[in-house]
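Observations on the model geometry
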Amino acid sequence: MMLSHRVGRVCHVLVLVLCLSAAEDFDWAANNHDSFYYGTFPNGFSWGAGSSAYQTEGAWDKDGKGLSIWDVFTHKKGKTFLNDTGDSSCEGYYKFKVTILLNLSHYRFSISWPRIMSTNQKGVKYYSALIDELLEHNITPIVTLYHWDLPQVLQEKYGGWQNISMINYFNDFANLCFERYGDRVKYWITFNNPWSAAVEGYETGEHAPGLKLRGTGAYRAAHHIIKAHAKVWHTYDTQWRNKQRGMVGISLSGDWGEPVDITNQKDIEAAERYVQFYIGWFATPIFHGDYPQVMKDFIGRKSAQQGLGTSRLPTFSSQEKSYIKGTSDFLGVGHFTTRYITQKSFPFNRGSTYFSDRDVAELVDPRWPDPGSEWLYSVPWGFRRLLNFIKTQYGNPMIFITENGVSEKMMCTELCDDWRIQYYKGYINEMLKAIRDGVNVKGYTAWSLLDKFEWDEGYSERFGLYYVDFRNKNKPRYPKASVQFYKRIKSNGFPNQREVENWKTKATETCSTSNQLLAADPLTSHMEMVTEVVVPTVCTLCILISAVFLMFLLRKRN
């Protein structure tokens, strides 16, 4: 749907009246989303990059690692693009020293739960070595405890996050991590993007474990995840905080939503409802003790229309509300894109799902750049709006941007990734504007350091600052132009127009060297094949021929 700039500008003003009326220091009416703000970031602002265990480590069955739900899911035919798996991926288990390439302030990674189950010593030592390597290079580790790779045994025995018993099992796992690594790790993230784990894992079945429990599965999984997060926070608070002096938070992902029709109050309400059903689903209980009222109202009403005695959205007891409220020392925010939102009613008699419960429809402007993933359009101005929404809704918490980046989906290799440079430039600048608005953002994590396994999309999409040649068994890395551009931004922000334009010129000049290296790679791969396949084969044939010839001579003598 083509939307005029005029409609868009007025639309932005009205959604602020609804969602951000308390943000007096955020002048929405004066905000031109096409403008660029030249300025620098506060002293001590932390710059980093991120990854996750299943997406990068490989070594899926090595050194005593147990099966995860993603190991099992990807080994079933038809679950991922071209039936790709993370069996080897980037070989990060063997090549973890690549994390120092960018001279980062921090590096975000996740610990594979099944890799250290039953205190598997080789798995435990791997993460200890990674942490030590980071600290040796003055890189702060930010560790995610759960990035979707649940041990398969817990899925088979209990039904995974559908079962309340996961709360205690997850707490035991977290406690082990605090015990082994807490002397060196000061930033812990309990869950990464629980929205996706709940909705795509237990509602649509697009992700592991692949269940389609429509209308109930996502809500039940989320309910247990929220309570598991709270329990882990309390465990750290009572047992480890005084000794280790660290912090525990959660990383929530969310798109921004803007109303399509600025004259329609229902569309304005739908835009806020979209955000509340997304990031508010998890943030509101953690910061305020209960689900957003709009979720309780809509899901409760639709449940009643279905003839159900209780809402499909679970409820927290008074004691649980108090226990959950305030269980986040910081909030991790993952953000990639924005949608225009309009009111759309879904009849209850057609079956209820998480998506139909919201009564919204999502639209995009076809002029928005969309270089890679079909869901990811580049809309930088939505980032600032989301951050101001969080500031207003949740009392301006300490924020770390834990995921922000853009993919490409190309058949051919392109290291001169101008679209990624433009994406980072636009989104990071909107984050800088949000900091100027008073949003308490302390750090930014580019997503991601490396090209990696992209879940159900396999290796068809690339988010990395570094290109990984997955055809080569050694998985060599090559810097894209965006590497140099990001290095410049994280030095000081955006000092002036001339300097920023000069960064881009110099960044794209680095592509030729990287392209030459990558172009030589097929020859290297060919030589490896000659060395590893042809030579052994020829040697084996020679031995066999010699043996036959020797037998012939022996027979002739006899």
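Residues numbered from 1 in each chain as written. Predicted model: local features only at pLDDT ≥ 70, side-chain atom pairs only at ≥ 80, totals over all residues. Heavy atoms only, no water.

On to helix α17 (residues 497-509), then. With 13 residues, α17 extends 19 Å between its outermost C-alpha atoms, agreeing within 8% with the 18 Å of an ideal straight helix rising 1.5 Å per residue. All of the buried residues in α17 are V500, W503 and A507. All buried residues of α17 project into a common sector of 45 degrees when viewed along the axis, lining one side. Those residues of α17 that are exposed and angled more than 90 degrees off the buried face are R498 and E509. (Helix = DSSP H or I, 4+ residues; strand = E, 2+ residues; numbered from the N terminus. Expected span 1.5 Å × (residues − 1). Buried < 20%, exposed > 50% of the residue type's maximum accessible area, 1.4 Å probe, protein only. Arc of directions from axis to C-beta.)

What follows deals with the packing of aromatic side chains. Under the counting rule described, the total for this entry stands at 66 aromatic pairs. For the pair W161 and F191, a centre-to-centre distance of 5.4 Å together with 70 degrees between the ring planes defines the contact as edge-to-face. With W161 in the loop between α5 (152-158) and α6 (166-181) and F191 in strand β4 (residues 187-192), this pair connects stretches of sequence that are 30 residues apart. Like F191, W161 is buried. A ring pair is formed by F494 and W503, whose centres lie 6.5 Å apart and whose planes are at 40 degrees; its orientation type is tilted. By way of ring pairs, the aromatic residues F41, F45, W47, F383, Y423, Y424, Y427, Y444 and Y486 are connected into one cluster. Positioned above the aromatic ring of Y93, the side-chain terminus of R115 is 4.4 Å from the ring centre. Looking at R436, its charged tip hangs above the ring of Y37, at a distance of 4.1 Å from the centre. (Phe/Tyr/Trp six-rings, centres within 6.5 Å; stacked < 30°, edge-to-face > 60°. Lys NZ or Arg CZ within 6 Å of the ring centre and 35° of its normal.)

Moving on to the sheet that holds strand β6 (residues 256-259). Spatially, β6-β8-β9 is the arrangement adopted by the three strands of the open sheet, whose pairing is mixed. Since the sheet does not close on itself, it has two edges, and those belong to β6 and β9 (360-363), each with one partner. The sheet shows a mean angle of 40 degrees between the axes of neighbouring strands, direction not considered. Judged from the four bridges that link them, strand β8 (residues 338-343) and β9 form a sheet pairing that is antiparallel. Bridge pairing in β9 places Y340 opposite L363. Contacts from helix α10 (residues 265-288) reach β6, β8 and β9 within the one sheet, and its direction differs from that of β8 by about 130 degrees. (Pairing = 2+ DSSP bridges. Axes fitted to C-alpha atoms, helices over the stretch in contact; angles between N-to-C directions. Contact = heavy atoms within 4.5 Å.)

On the surface, K76, K79, K212 and R214 cluster together into a patch of positive charge. Tracing the backbone shows K212 in the loop between α7 (194-202) and α8 (217-239). Residue class for K212 comes out exposed when judged on its relative accessible area of 55%. (Patch = residues over 30% accessible without salt bridge, like charges linked within 9 Å, V, L, I, M, F, W, Y side chains within 5 Å. Areas by Shrake-Rupley, 256 points an atom, 1.4 Å probe, with all protein chains shown as cover. Salt bridge = Lys/Arg side-chain N within 4 Å of Asp/Glu carboxyl O. Lys, Arg positive; Asp, Glu negative; His and termini not counted. Charge placed at Lys NZ, Arg CZ, Asp CG, Glu CD.)

So, about the UniProt feature "active site" (unreviewed entry) in the protein chain. UniProt tags E403 as "active site" (unreviewed entry). Note on placement: E403 falls in strand β10 (residues 399-404). The buried category is assigned to E403, whose relative accessible area is 7%. The residues contacting E403, other than those within four sequence positions of it, are R108, H147, N192, V333, G334, H335, F336, T445 and W447. Within the structure, E403 has its side chain in polar contact with the side chain of R108 (distance 3.5 Å). (UniProt positions renumbered as here; feature names shortened; annotations may be inferred. Polar contact = N/O pair within 3.5 Å; in protein donor to acceptor, adjacent residues only side chain to side chain.)

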